[in-house]
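Fold and geometry: a report
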2 protein chains.
Amino acid sequence: MAAPDTGAGAVTMPLIDFQTHPDRYRHWKLEVDGPIGYLTMRVEETGGLVPGYELKLNSYDLGVDIELHDAVQRLRFEHPGVKAVVIRSGHDRVFSAGANIRMLSQSSHGHKVNFCKFTNETRLAIEDATGHSGQTYLAAVSGSAAGGGYELALAAQHLMLVDDRTSAVSFPEAPLLAVLPATGGLTRIVDKRKVRRDLADVFSTLEEGVKGQRALQWRLIDELVPKSTWQARVTERAKALAARSDRPDDGPGVPLVPLDRTIDGDQVRYRWVEIDIDRGRRVATVMLRAPESAAPAAPADALALGSRFWPLAFARELDDAILHLRVNEPDIGLVVFRSAGDPAAVLSHDALLVAHPNHWFLREVRLLLKRTLKRIDLTARSLIALVEPGSAFAGTLAEVVFAADRSVMVEGSLDGSPARASLALSELNFGWYPMSNDLSRLATRFLGDPGHLDGLRAKVGQPLDAGQALELGLVTFTFDRTDWADETRIMIEERASFSPDALTGLEANLRFAGPETMETKIFGRLTAWQNWIFQRPNAAGEEGALRRYGTGVQPRFDRNRV
Amino acid sequence: MAAPDTGAGAVTMPLIDFQTHPDRYRHWKLEVDGPIGYLTMRVEETGGLVPGYELKLNSYDLGVDIELHDAVQRLRFEHPGVKAVVIRSGHDRVFSAGANIRMLSQSSHGHKVNFCKFTNETRLAIEDATGHSGQTYLAAVSGSAAGGGYELALAAQHLMLVDDRTSAVSFPEAPLLAVLPATGGLTRIVDKRKVRRDLADVFSTLEEGVKGQRALQWRLIDELVPKSTWQARVTERAKALAARSDRPDDGPGVPLVPLDRTIDGDQVRYRWVEIDIDRGRRVATVMLRAPESAAPAAPADALALGSRFWPLAFARELDDAILHLRVNEPDIGLVVFRSAGDPAAVLSHDALLVAHPNHWFLREVRLLLKRTLKRIDLTARSLIALVEPGSAFAGTLAEVVFAADRSVMVEGSLDGSPARASLALSELNFGWYPMSNDLSRLATRFLGDPGHLDGLRAKVGQPLDAGQALELGLVTFTFDRTDWADETRIMIEERASFSPDALTGLEANLRFAGPETMETKIFGRLTAWQNWIFQRPNAAGEEGALRRYGTGVQPRFDRNRV
């Protein structure tokens with residue numbers, strides 16, 4: 001290899017599991033008090049994912065964030081009656097010191113990037129709950145919220161700070177560590193909170209941060225509260241936010257039961273999703289299985305199925321599969337999506353989701369599918385969809401075809417049997433699963449011809465053969481059975497021969513045409529700059545600030561401006 | 001230094017001069033035939049800026065692009081009657097092979113980044129001429145337009161391709177060199193031309209490119225022309241584009257006379273702009289001088305002044321000063337803007353520009369000021385404006401204050417004399433100089449309080465003292481004469497102590513709040529990813545594709561996906 005991509009400590013990462021449960025949390029406590037949920041952060045210092053660092057001062061690593069992600073999901077599904085969520089610290093004098101520096105400095109470049117991506121997605125999931133799910137987040141900051149700690153608080157809809165001598169918000173990354181507050185931080189202060197850019201500049205270079213009235217005046221927080229009334233005011237605020245929710249007052253939630261998953265060498269098996277890894281070709285084939293029967297008739301029936309309801313089970317499995325590939329299989333450069341089963345059964349579930357957009361459970365399921373599909377868009381692997389005879393790319397599953405960098409479809413059958421490849425659209429393809437750019441995948445695809453969407457809408461529910469799908473621009477290429485095996489093999493081998501970095505950059509630029517949003521700015525502009533900085537000796541080199549932090553030795557910088 | 005930022009060949013760059021003249025062009029020919037201008041590219045193989053590479057196949061380096069930039073400026077000012085411009089090749093079988101690979105592989109990281117930034121700005125200047133100046137560009141592509149060659153053609157409003165066996169457009173960067181087509185290429189194909197994303201993906205991995213009907217069907221070109229009618233069709237098209245222009249049919253242009261500039265050690269002196277470099281502190285102070293008298297009464301008088309007309313002379317000098325600092329002074333991390341002279345004289349010139357928005361010459365001057373101010377926004381140096389007694393930050397000059405990362409103002413006078421620091425707005429501050437995000441600097445600054453702009457508008461023309469400027473949010477801090485020297489010194493020293501890379505990333509994220517445009521996407525998302533790739537061993541390492549290109553030895557890639 002040209003240059004092994006290792007961090008300083010060259011710590012070997014164990015298999016990282018994104019599944020957990022509140023019973024096993026080491027760093028967070030999830031409590032519910034009527035309509036208010038409380039997420040209390042009290043990070044266990046010795047509870048890091050790998051050895052080599054202590055999680056002091058509520059600093060976090062990926063393991064801490066996996067628990068937060070789990071808690072955010074469970075609050076939505078298991079606690080329908082929770083209408084506002086308070087994020088707070090379990091420590092007296094510190095809210096959170098942000099991402100753990102020693103963890104960052106000993107991590108490989110790839111791990112740093114994946115860690116930041118996941119923490120970003122979790123903070124966006126918090127905003128998604130506030131924006132679409134009737135579960136509004138409030139950050140109750142007492143003590144110091146530094147760097148990633150303040151970035152976490154920024155994800156909340158309402159940001160409260162105690163007015164005392166120690167509670168402050170800060171971005172010490174640039175002055176102290178020579179990196180950026182890149183878990184959305186720089187973007188959220190100027191784009192979400194609309195802090196004036198020169199004040200944002202001062203704030204982001206002020207190691208000790210800003211507190212009190214100045215924090216309020218600069219729009220860094222929403223509310224400043226005297227210590228004497230702090231607890232009462234937080235509760236009062238949370239109740240006020242809860243009062244605006246359309247979530248049910250009570251009723252059973254849907255327990256997110258453990259995923260039915262086995263990892264066995266190059267095979268990962270879930271109930272509806274299967275991964276097969278071909279290490280020689282650096283390809284993972286992800287098979288997506290349609291439900292085995294039509295959707296239940298009514299929301300109550302879906303609710304009774306709980307986490308066995310196919311769209312929910314499928315979304316949870318696909319989400320886990322994508323995360324697994326991202327962090328545990330870094331040298332697999334290409335993901336090939338296939339599908340199997342009855343497209344009509346997928347369309348039937350889509351129809352149920354469309355018919356009850358505001359039923360709390362069906363809405364949560366749809367929003368989880370939306371977030372999972374976004375996670376695919378944001379995955380730095382080449383994505384190819386194969387539409388074959390017997391495949392079930394319809395509606396929700398067809399979104400995977402539109403998320404792929406390219407898609408190929410069999411013309412007719414592969415073996416002379418009557419099974420012919422087809423593709424179908426549902427109402428859900430037209431705006432219910434927006435990408436990060438806030439457009440549907442079809443609208444992004446046909447930016448050059450928006451009127452084409454009307455024509456496509458007229459085809460909803462119809463099986464489209466390869467000729468039609470190609471004509472309608474829904475697939476990239478079609479091949480007949482004579483050419484199929486060779487053409488797809490060559491396409492996959494050629495893709496695997498290119499530089500992984502060039503492909504990451506290429507895909508990040510081509511996938512998000514059209515408008516940029518706060519979300520795309522975080523993943524485009526902010527993340528790309530941070531990744532660049534993570535490669536620069538001034539941050540990550542032997543004498544760089546990340547590596548020298550805490551050693552008592554000043555970093556040495558190459559002073560050239562680039 | 002932590003790690004010297006040198007390229008492979010460690011070629012020392014000579015002082016790079018952005019001033020040139022058609023009489024001295026080695027690579028381009030500028031011809032005018034009535035309303036049509038022709039820019040013909042015939043790069044001199046041995047005419048590279050530095051030794052070490054040959055500019056074969058119309059490939060280019062910064063020197064080639066400096067000529068193009070000069071020609072684009074001169075067409076606007078010196079040729080008012082030119083209403084359409086044809087970009088074409090002086091070679092038979094090649095349009096342009098894009099940026100020269102050996103030049104890239106031997107350049108330092110900083111030079112690569114600055115080269116790409118300048119070429120991007122020049123292509124945007126071409127689009128600015130088309131969009132705002134009535135001078136529409138047409139790319140007449142015969143032969144192969146590869147990589148940066150096609151990116152140049154993409155800047156044109158109308159892209160014509162010969163329908164023959166060899167003429168093709170291509171992006172071979174990713175497959176061949178492990179880098180991106182990042183002179184706007186990836187952004188322009190999906191955002192400007194709205195090529196379908198999966199087709200864009202195929203195109204960007206197809207070394208040999210796309211030609212003929214397929215190029216047209218994929219929206220990669222606007223028009224495909226048989227060889228037999230090529231010349232006639234190009235002329236016909238150019239005439240049709242020219243017919244839509246509001247530029248004058250004839251009349252004298254304004255010769256862009258050589259800048260009055262002396263570079264003497266740490267001092268650079270122009271007529272209205274002066275640079276003083278403090279190498280110890282890594283600071284460049286840029287003094288901006290107001291005109292010495294009120295504006296001429298009418299456009300004809302301004303035209304008679306020609307390149308001595310203050311706003312034009314000032315813009316050309318400031319533009320050159322910024323470019324000089326960028327490429328010739330890489331270790332100067334901070335630019336301090338000061339000004340001097342009579343603010344009323346600036347406001348008087350602003351009033352003339354506002355009064356005649358569509359007079360061709362005054363419009364060109366205003367558009368050049370706009371582009372120069374954008375160049376400041378896009379300069380990867382910390383920018384601080386000092387508003388002092390005697391300064392002339394009014395209207396157009398005040399834009400520099402709003403472009404700065406932070407601005408500080410003296411409360412009252414510095415020495416007890418009657419001269420007090422003041423700041424003034426003009427109509428031009430309200431939308432006439434949009435940033436890359438298409439908002440004015442004031443609108444970007446007050447995104448959180450858009451109504452504030454109305455209040456500011458009521459202050460147009462009034463001198464605002466430090467108290468008012470602070471209250472109105474126009475400056476970041478004010479200091480009285482007791483604190484001024486210490487506070488500004490500390491601010492500057494502290495800034496200079498931070499990691500240059502972290503500051504570059506910080507500023508790139510904080511300066512462009514609000515909407516993203518094709519232009520900000522090019523400089524944000526696309527450029528940031530390319531800079532990351534330029535740091536990665538897969539491209540720039542000893543065994544990377546950029547270094548191995550042309551050696552006959554295959555590059556070796558770290559296969560981990562990040």
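Below is a summary of the structure that appears in this document. Please read these numbers as outputs of a predicted model, since none were measured by experiment. (Residues numbered from 1 in each chain as written. Chains lettered and ligands numbered in written order. Predicted model: local features only at pLDDT ≥ 70, side-chain atom pairs only at ≥ 80, totals over all residues. Heavy atoms only, no water.)

Another aspect to go through is the interface of chain A and chain B. Size of an interface, as often reported, equals the accessible area lost when the parts are brought together. In this assembly, 96 residues from chain A lie in contact with 97 residues from chain B. Overall, the association of chain A and chain B removes approximately 9400 Å² of surface from exposure, summing both partners, and the carbon and sulfur fraction of that is 55%. For the interface between chain A and chain B, the tally reads 16 salt bridges. Between aspartate 501 of chain A and arginine 536 of chain B there is a salt bridge, and its shortest N-O distance comes to 3.0 Å. Taken together, the links from chain A to chain B amount to 60 residue pairs in polar contact (both at pLDDT 80 or more). Split by residue class, the side of chain A that touches chain B holds 45 nonpolar, 22 polar and 29 charged. (Contact = heavy atoms within 4.5 Å. Buried area = accessible area lost by both parts, 1.4 Å probe. Salt bridge = Lys/Arg side-chain N within 4 Å of Asp/Glu carboxyl O. Polar contact = N/O pair within 3.5 Å; in protein donor to acceptor, adjacent residues only side chain to side chain. Nonpolar A, V, L, I, M, F, W, Y, C, P; charged D, E, K, R; others polar.)

What follows concerns the packing of aromatic side chains. Applying the stated criterion across every chain, the model contains 22 aromatic pairs over all chains. Ring geometry for phenylalanine 309 of chain B against phenylalanine 361 of chain B: centres 5.8 Å apart, planes inclined by 45°, an arrangement best described as tilted. A residue pair is termed long-range when its members are at least 10 positions apart, and phenylalanine 309 of chain B in the loop between α10 (299-305) and α11 (310-328) and phenylalanine 361 of chain B in helix α13 (residues 360-377) qualify at 52 residues. With relative accessibility at 0%, the residue phenylalanine 309 of chain B sits in the buried group. Judged by centre distance (5.3 Å) and plane angle (85°), the ring pair of tryptophan 529 of chain B and tryptophan 532 of chain B falls under edge-to-face. Taken together, the positions of tryptophan 529 of chain B and tryptophan 532 of chain B, both in helix α20 (residues 518-535) and three residues apart, correspond to about one turn of that helix. On the basis of relative accessibility, which here comes to 5%, the residue tryptophan 529 of chain B falls in the buried class. Take tryptophan 532 of chain B: its relative accessible area is 0%, and that puts it in the buried class. Pairwise contacts between aromatic rings join Phe77, Phe309, Trp360 and Phe361 of chain A into one cluster. The ring of tryptophan 272 of chain A carries the charged tip of arginine 271 of chain A above its face, separated from the ring centre by 4.0 Å. (Phe/Tyr/Trp six-rings, centres within 6.5 Å; stacked < 30°, edge-to-face > 60°. Helix = DSSP H or I, 4+ residues; strand = E, 2+ residues; numbered from the N terminus. Buried < 20%, exposed > 50% of the residue type's maximum accessible area, 1.4 Å probe, protein only. Lys NZ or Arg CZ within 6 Å of the ring centre and 35° of its normal.)

All names here are of chain A. Among the secondary structure elements, glutamate 151 is positioned in helix α4 (residues 148-154). Expressed as a C-alpha distance, the spacing of glutamate 151 and threonine 527, which sit 376 residues apart in the sequence, is 14 Å. For glutamate 151, the contacting residues outside a window of four places in its chain are Arg123, Phe171, Glu173, Pro181, Ala182, Thr183, Gly184 and Gly185.

Moving on to the packing of helix α1 (residues 62-78) of chain B against helix α3 (residues 109-132) of chain B. Residue and element names in this part refer to chain B. As a packed pair, α1 and α3 sit with axes 10 Å apart at the nearest point and diverge in direction by 25°. By the angle between their axes, α1 is roughly parallel relative to α3. Judged by the twist between their axes, the crossing of α1 over α3 is left-handed. Contacts from Leu62, Asp65, Ile66, Leu68, His69, Val72 and Arg76 of α1 reach α3 at His111, Phe115, Phe118, Thr119, Thr122, Arg123, Ala125, Ile126, Asp128 and Ala129. (Axes fitted to C-alpha atoms, helices over the stretch in contact; angles between N-to-C directions. Parallel < 35°, antiparallel > 145°, perpendicular 65-115°, else oblique. Left-handed = near helix turned anticlockwise from the far one by under 90°.)

Superposing chain A onto chain B takes a rotation of 180° plus a shift of 0.0 Å along the axis, which leaves an RMSD of 0.0 Å. Taken together, the rotation and translation relating the two chain copies correspond to the operation of a two-fold axis. By residue overlap, the copies meet face to face through one surface: 100% of the interface positions of chain A are interface positions in chain B. (Least-squares fit on C-alpha atoms with pLDDT ≥ 70 in both.)

The subject of this paragraph is the sheet that holds strand β2 (residues 36-41) of chain B. All names here are of chain B. The strand order β1-β2-β4-β7-β9-β11 describes an open sheet built from six strands, whose pairing is mixed. Edge strands, defined here as strands with exactly one partner in the open sheet, are β1 (28-33) and β11 (223-226). The mean inter-strand angle of the sheet, taken between neighbouring strand axes irrespective of direction, is 25°. Relative to strand β7 (residues 136-141), strand β4 (residues 84-89) is paired through four bridges, and the arrangement is parallel. Across the sheet, isoleucine 87 pairs through a bridge with alanine 139, a residue of β7. Its contacts with the sheet put α1 on β1, β2, β4 and β7, and the angle it makes with β1 is roughly 20°. (Pairing = 2+ DSSP bridges.)

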